[in-house]
Amino acid sequence: VVPATALAQGGGPPGNVRMRIGPLFINPTMALSNAGQDTNVFNEAKDAKTDFTVTVSPGTDIWLRFGRTWIQGNISEDLVWFQKFASERSANNSYSVKWTVPLNRVTLTPTWNRLTTRARPGFEIDARAERAEMSYGGTIELRFLSKTSVTLEGKQSKTDFAETAEFLGTNLHDALNRTVTTESASLTHRLTPLTNLA
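## Thoughts on the confidence of the model for the protein
Taken residue by residue, the protein gives an average pLDDT of 89. The fraction at 70 or more is 92%. The secondary structure element of the protein with the lowest average pLDDT is strand 9 (residues 166-167), at 89, and the one with the highest is strand 6 (residues 106-117), at 97. A low-confidence stretch, residues 1-9 stays under pLDDT 50, and its non-local contacts, those more than four residues away or across chains, total 19 contacts.

Written as structure tokens, this is what we have:
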């Protein structure tokens, strides 16, 4: 079992990347994220079903140097296996891309993420409903002074349940499909430590 790699500042890879091919850095990971008895596979109030389940999660972090910029990506998958209830087996896939573009006093960082999964959406909806989630957006960091910067961020995310996804007689595709747009702005100023003022 290998822990996921922490991201380095500036969009570049950390110092412990396992593979390098020219400008391409690759860090594969593998995790056994779940193994044991699920004592209530379908979250039933009566006649609960029990099954043995295992979740294996391979993944890869990728960094590519492109001039002064860095393209960073991640590919991961959760392979969920049940011994008896084959209908609950699934492969949940996740993809993400971030491009860090440092200019003179501006840093642009567009992002894109996609997830296809059958994991339960939450406590209120405990069905393993198939859905796809996609988001894209980015940040613009403006550095006015050596210690002061303004960051503008925008993001749009879309959730799309399968047309056959249902829970307690409700079609989740009709009830919960949605598109959400968010914007934010922040001001950052680094203070001088008091020990440096003496």
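## A closer look at the nonpolar core
Looking at soluble globular proteins, one finds that nonpolar side chains tend to be buried together. Counting seven residues, the largest nonpolar core consists of Ile125, Ala127, Ala129, Phe161, Ala165, Phe167 and Leu172. When residues no more than four places from it in sequence are discounted, the contact partners of Phe167 are Glu124, Ile125, Asp126, Ala127 and Leu172.

## Side note on the environment of Leu172
By the secondary structure assignment, Leu172 is in helix 1 (residues 172-176). For Leu172, a relative accessible area of 3% corresponds to the buried category. In this structure the C-alpha to C-alpha distance between Leu172 and Ile125, which are 47 residues apart in sequence, comes to 9.6 Å. Contact partners of Leu172, with chain neighbours within four places excluded, come to Ile125, Ala129, Phe161, Ala165, Glu166, Phe167 and Asn177.

## Some remarks on the pattern of salt bridges
Tallying each qualifying case throughout the model produces five salt bridges. Among the ionic pairs, Arg128 bridges to Asp38, the shortest N-O distance being 3.6 Å. Linking Arg128 in the loop between strand 6 and strand 7 (131-143) with Asp38 in strand 2 (residues 24-38), this pair joins segments that are 90 residues apart in sequence. Taking relative accessible area as the criterion, Asp38 reaches 18% and is therefore assigned buried. With a closest N to O distance of 2.8 Å, Glu88 and Arg128 form a salt bridge. On the criterion of sequence distance, the pair formed by Glu88 in the loop between strand 4 (69-82) and strand 5 (90-102) and Arg128 in the loop between strand 6 and strand 7 is long-range, its members being 40 residues apart. Each member of the pair, Glu88 as well as Arg128, carries the same accessibility label: buried. A network of salt bridges, in which partner residues are shared, links Asp38, Glu88 and Arg128.

## Thoughts on a nonpolar patch on the surface
Where nonpolar side chains cluster on the molecular surface, the patch consists of Ile75, Tyr95, Val97, Trp112 and Tyr136 and spans about 440 Å² of accessible area. Within the secondary structure layout, Tyr136 lies in strand 7. On the accessibility criterion, Tyr136 (43% relative accessible area) is partly exposed.

## A look at the side chain of Arg128
Taking relative accessible area as the criterion, Arg128 reaches 17% and is therefore assigned buried. There is a polar contact of 2.8 Å between the side chain of Arg128 and the side chain of Glu88. Residues within four places of Arg128 in sequence aside, it is in contact with Asp38, Val41, Phe82, Glu88, Arg118 and Arg120.

## Let's talk about unusual backbone geometry
Unlike most non-glycine residues, Asn43 shows phi in positive territory, near 50°. Positionally, Asn43 belongs in the loop between strand 2 and strand 3 (51-66). Judged by its relative accessible area of 36%, Asn43 falls in the partly exposed class. If you check the backbone angles, Leu168 has positive phi at about 50° while not being a glycine. Mapped onto the fold, Leu168 is located in the loop between strand 9 and strand 10 (170-171).

## Digging into the packing of aromatic side chains
Where two aromatic rings form a pair, the distance of their centres and the angle of their planes describe that pair. Tallied over the full model, the rule gives two aromatic pairs. Aromatic pair Phe25 and Trp70: ring centres 5.7 Å apart, planes at 55°, arrangement tilted. Taken together, the positions of Phe25 in strand 2 and Trp70 in strand 4 put the pair 45 residues apart, joining distant regions of the chain. Accessibility classification places Phe25 together with Trp70 in one group, the buried group. Aromatic side chains Phe42 and Phe85 sit 5.2 Å apart centroid to centroid with 85° between the ring planes, which places their arrangement in the edge-to-face category. You can see Phe42 sitting in the loop between strand 2 and strand 3 and its partner Phe85 sitting in the loop between strand 4 and strand 5, a full 43 residues away along the chain. Given a relative accessible area of 22%, Phe85 falls into the partly exposed group.

Cut-offs applied
Residues numbered from 1 in each chain as written. Predicted model: local features only at pLDDT ≥ 70, side-chain atom pairs only at ≥ 80, totals over all residues. Heavy atoms only, no water. pLDDT = per-residue confidence, 0-100. Helix = DSSP H or I, 4+ residues; strand = E, 2+ residues; numbered from the N terminus. Contact = heavy atoms within 4.5 Å. Core = buried A, V, L, I, M, F, W, Y, C linked by side-chain atoms within 4.5 Å. Buried < 20%, exposed > 50% of the residue type's maximum accessible area, 1.4 Å probe, protein only. Salt bridge = Lys/Arg side-chain N within 4 Å of Asp/Glu carboxyl O. Patch = residues over 30% accessible without salt bridge, like charges linked within 9 Å, V, L, I, M, F, W, Y side chains within 5 Å. Areas by Shrake-Rupley, 256 points an atom, 1.4 Å probe, with all protein chains shown as cover. Polar contact = N/O pair within 3.5 Å; in protein donor to acceptor, adjacent residues only side chain to side chain. Phe/Tyr/Trp six-rings, centres within 6.5 Å; stacked < 30°, edge-to-face > 60°.

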